[in-house]
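Listed here are the chains, written in short residue letters.
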Amino acid sequence: MERFTTVVVGAGHAGLAASHFLTERSIDHVVLERGEVANSWRRERWDSFRLLTPNWQSRLPGLRYEGPDPDGYMTMGEVTGFIERFAALSRAPVRTGTGVTSVRRVDDGYHVTTSGGEIHCRTLVIASGACNRPVVPPFHEAVPSSVEQLTPFDYREPGQLADGGVLVVGASATGVQLAAELRRSGRPVILSVGEHVRLPRTFRGRDVLWWMDASGVWDQRYDEVDDLQRARRLPSPQLVGTPERATLDLNALTAMGVELVGRWAAVRDGRALFSGGLRNVFSLADLKMERLLGTFEEWAREAGRDGEVGPPESFAPTRVPTKTRLQLDLRGGEVRTIVWATGFRPDYAWLDVPVVDEKGRLRHDGGVVDSPGLYALGLPVLRRRRSTFIHGIEDDAREVIDHLAGFVGVRSNIE
Ligand SMILES: Cc1cc2nc3c(=O)[nH]c(=O)nc-3n(C[C@H](O)[C@H](O)[C@H](O)COP(=O)(O)OP(=O)(O)OC[C@H]3O[C@@H](n4cnc5c(N)ncnc54)[C@H](O)[C@@H]3O)c2cc1C
């Protein structure tokens, strides 16, 4: 049986960042990847996908975007290339095409079963991603079979859908982006909206994510966040990365002709039943956005950065439709396809260590998992608000691998 001090599961940017710091501390390790480097970006996103984080924010340990368009947003090919470059630069010992099918605790570490054989390791880093499976509510089973159902993992481009109406469920980043693309393809689109995070693409002349970064909001640590469980479940913001730096909130979608309905609550007799109260849902999202923008303004004033940004700017409240449907007959042919943009969850089916709670979440404290020598990276608000984003991994990975080095008794050679 092969032996390593550390096995890293997953060669996305999180696993590769772990490898970078393990190499820096001369800890022998292997990175096991069931597909290819940057597999999730290659296999699990749609064709027109672009990052919603600007290019200048694409930074990994020892690698940053240095192209001609720092304020642009990477296409799928560009993200994949960026992560591949990072793997090559850090000479990560990646074994592609090697799925981990089981991890068991043994006396002095972990026994890892892979599609390519058995491995023993003292420590293991779970970097298998936070978004391995789309979440779809159980009532999807009651949807009539005449309506096709897709998740963002199945969706590639509008041409793959039957002609006719589409119901997109969920108004976070994925839902608003797919609703806009489908509407532009000429289809009638209905968007079912629950709790969401509204953000303008730019505020006072700067990308809203510049504000998140500069004001320190994104740097807030997990042990300083008031309600950590809630922060970890927060939906992704309504943002899209386009060359025009356009805002894609519900007002923009309404202007495009997308019909808004409430949260999809149930299916009864072939009818979709939506919650009422859109007005409240919209006011809450507007209020939270205003509060966040207020925090940015306060920071700019106090930090003397007011001169670096544009003049004050305000945004119209989300427009409430004059009439909102509470029901939709799914047998009538108005809707031919449903796209479930209702979130994603991690998949730990391969992890035979009792560290996953009843809701399928890993029990950990800042990436130190509740089992000796077991670590995690790349989960929401793992150590900071920006933990799941590409530019959030460097500090998290350094700190988690520092802990791991302490566990195996390796002194940091960069101290
Ligand atoms: C739709 C969407 C849009 C996003 N947009 C942005 C954005 O604009 N900017 C940004 O910074 N972040 C964005 N993110 C967040 C985040 O950067 C990505 O989710 C990123 O892919 C996470 O990196 P990761 O390395 O943690 O996980 P992943 O990239 O998912 O990597 C995990 C790897 O583990 C492998 N794996 C899983 N299970 C096993 C196993 N059992 N055995 C072997 N290998 C395994 C997978 O094949 C995969 O390659 C987005 C996420 C999603 C879902």
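Residues numbered from 1 in each chain as written. Predicted model: local features only at pLDDT ≥ 70, side-chain atom pairs only at ≥ 80, totals over all residues. Heavy atoms only, no water.

Student: Is there a simple way to explain the packing of aromatic side chains in this structure?
Tutor: Ring pairs (aromatic) are described by centroid distance and by the angle formed between their planes. Enumeration according to the criterion identifies 14 aromatic pairs in this entry. Seen from their ring centres, W46 and F49 are 5.2 Å apart, and the 75 degrees between their planes marks the pair as edge-to-face. Residues W46 and F49 agree in their burial class; the two are buried. Measuring from ring centre to ring centre gives 5.9 Å for W210 and W299, while their planes differ by 65 degrees; the resulting arrangement is edge-to-face. Separated by 89 residues along the polypeptide, W210 in helix α5 (residues 208-214) and W299 in helix α8 (residues 278-302) bring together distant segments of the chain. Taken individually, W210 and W299 each receive the classification buried, so the pair is uniform in this respect. Through a chain of ring-to-ring contacts, the aromatic side chains of F203, W210, W211, F296, W299 and F315 assemble into a single cluster. Over the face of the ring belonging to F49 we find R45, whose NZ or CZ atom lies 5.9 Å from the ring centre. Sitting over the face of the ring of W210, R206 holds its NZ or CZ atom 4.2 Å from the ring centroid. (Phe/Tyr/Trp six-rings, centres within 6.5 Å; stacked < 30°, edge-to-face > 60°. Buried < 20%, exposed > 50% of the residue type's maximum accessible area, 1.4 Å probe, protein only. Helix = DSSP H or I, 4+ residues; strand = E, 2+ residues; numbered from the N terminus. Lys NZ or Arg CZ within 6 Å of the ring centre and 35° of its normal.)

Student: Would you take a moment to explain the site of the ligand for this structure?
Tutor: Around the ligand there are 30 residues in total, and E33, S40, L52, T53 and I390 lie nearest to it. The separation between an oxygen atom of the ligand and a polar side-chain atom of R34 is 3.0 Å. The separation between an oxygen atom of the ligand and a polar main-chain atom of L52 is 2.7 Å. Breaking the shell around the ligand down by element, the ones donating at least two residues are α1 (13-24) and α2 (39-43). Across the shell around the ligand, the residue classes break down as 14 nonpolar, 13 polar and 3 charged. (Near = heavy atom within 4 Å. Polar contact = N/O pair within 3.5 Å; in protein donor to acceptor, adjacent residues only side chain to side chain. Nonpolar A, V, L, I, M, F, W, Y, C, P; charged D, E, K, R; others polar.)

Student: Mind showing me how you'd approach the environment of D370 here?
Tutor: Within the fold, D370 resides in the loop between β22 (368-369) and β23 (374-376). Note: C-alpha distance between D370 and G194 (176 residues apart in sequence) is 33 Å. Excluding anything up to four places from it in sequence, D370 contacts V355 and R363. (Contact = heavy atoms within 4.5 Å.)

Student: What am I meant to see in the side chain of Q177 here?
Tutor: The residue Q177 is located in helix α4 (residues 173-184) in this model. Since its relative accessible area comes to 9%, Q177 is described here as buried.

Student: How should the pattern of salt bridges be read in this particular structure?
Tutor: Where charged atoms from two side chains of opposite charge come close, those side chains can pair. Tallied over the full model, the rule gives 31 salt bridges. With its nearest N and O atoms 2.9 Å apart, the salt bridge here joins D347 to R133. On the criterion of sequence distance, the pair formed by D347 in the loop between β20 (344-345) and β21 (364-365) and R133 in strand β9 (residues 133-134) is long-range, its members being 214 residues apart. Exposure remark for D347: the relative accessible area of 15% places this residue in the buried category. Between E308 and R206 there is a salt bridge, with the nearest N and O atoms lying 3.8 Å from each other. With E308 in the loop between α8 and β18 (327-329) and R206 in strand β14 (residues 206-207), the pair connects residues that are 102 residues apart, well separated along the chain. (Salt bridge = Lys/Arg side-chain N within 4 Å of Asp/Glu carboxyl O.)

Student: Just to check I follow, could you spell out α1 for this structure?
Tutor: Along its 12 residues, α1 runs 16 Å from first to last C-alpha, staying within 8% of the 16 Å computed at 1.5 Å per residue. α1 sits mainly inside the fold: 10 of its 12 residues count as buried. If you check which residues of α1 are buried, you get H13, A14, G15, L16, A17, A18, S19, H20, F21 and L22. S26 lies just past α1 and shows a positive phi near 55 degrees. (Expected span 1.5 Å × (residues − 1).)

Student: Could you clarify how one ought to interpret helix α9 (residues 393-408) in this entry?
Tutor: Side chains of residues three or four places apart in an α-helix project in the same direction, reflecting 3.6 residues per turn. Taking 1.5 Å of rise per residue, the 16 residues of α9 would be expected to cover 22 Å, and the 22 Å separating its terminal C-alpha atoms lies within 8% of that figure. Those residues of α9 that sit buried are I393, D396, A397, V400, I401, L404, A405 and V408. Projected onto a plane normal to the axis of α9, the buried residues spread over an arc of 165 degrees and lie on a single side. On its buried side, α9 packs onto β1 (2-9), α1, β3 (59-60), β8 (117-126) and β23. Phi for G409, located one or two positions after α9, is positive at around 80 degrees. (Arc of directions from axis to C-beta.)

Student: Would you explain the pairing of strand β2 (residues 29-32) in this entry?
Tutor: In regular strands, side chains alternate between the two faces of the sheet. The alternating pattern of β2 places H29 and V31 and V30 and L32 on opposite faces, both of which are buried. In terms of strand pairing, β1 meets β2 through 4 bridges, oriented parallel. From the neighbouring strand, V7 faces β2, where its bridge partner is V30. Crossover handedness for the path β1 to α1 to β2: right-handed. Bridge analysis of β2 against strand β5 (residues 94-95) gives 2 bridges, and the strand direction is parallel. By the bridge assignment for β5, V31 is matched with V94. (Pairing = 2+ DSSP bridges. Right-handed = clockwise from strand over helix to strand, strands pointing away.)

Student: How should I be thinking about the packing of α1 against α9 in this particular structure?
Tutor: In helix packing, the relevant descriptors are the interaxial angle and the interaxial distance, both defined with respect to the helix axes. Look at α1 against α9: their axes get within 9 Å of each other, and the N-to-C directions meet at 50 degrees. If you check the angle between α1 and α9, you find them oblique. The element α1 and its partner α9 pack so that their crossing is right-handed. Between α1 and α9, the contacting residues are H13, A14, A17, A18, F21 and L22 on the first element and I393, E394, A397, R398, I401 and L404 on the second. A per-class count over the contact of α1 with α9 returns 9 nonpolar, 1 polar and 2 charged. (Axes fitted to C-alpha atoms, helices over the stretch in contact; angles between N-to-C directions. Parallel < 35°, antiparallel > 145°, perpendicular 65-115°, else oblique. Left-handed = near helix turned anticlockwise from the far one by under 90°.)

Student: I'm lost on the sheet that holds strand β10 (residues 148-150) in this one. Help?
Tutor: Working definition: the strands of a sheet are paired by backbone hydrogen bonds and lie parallel or antiparallel to each other. Strand order in the open sheet formed by 5 strands is β10-β19-β11-β12-β15, and the pairing between neighbours is parallel. Edge positions in the sheet fall to β10 and β15 (259-261), since each has one partner strand and no second. Averaged over all pairs of adjacent strands, the angle between their axes in this sheet comes to 20 degrees, without regard to strand direction. In the sheet, strand β11 (residues 165-169) pairs with strand β19 (residues 335-340) via 5 bridges, with the strands oriented parallel. Each bridged residue has a counterpart across the sheet, and for V168 the counterpart in β19 is V339. With respect to the sheet, α4 is in contact with β11, β12 (189-192) and β19, its orientation differing from that of β12 by roughly 170 degrees.

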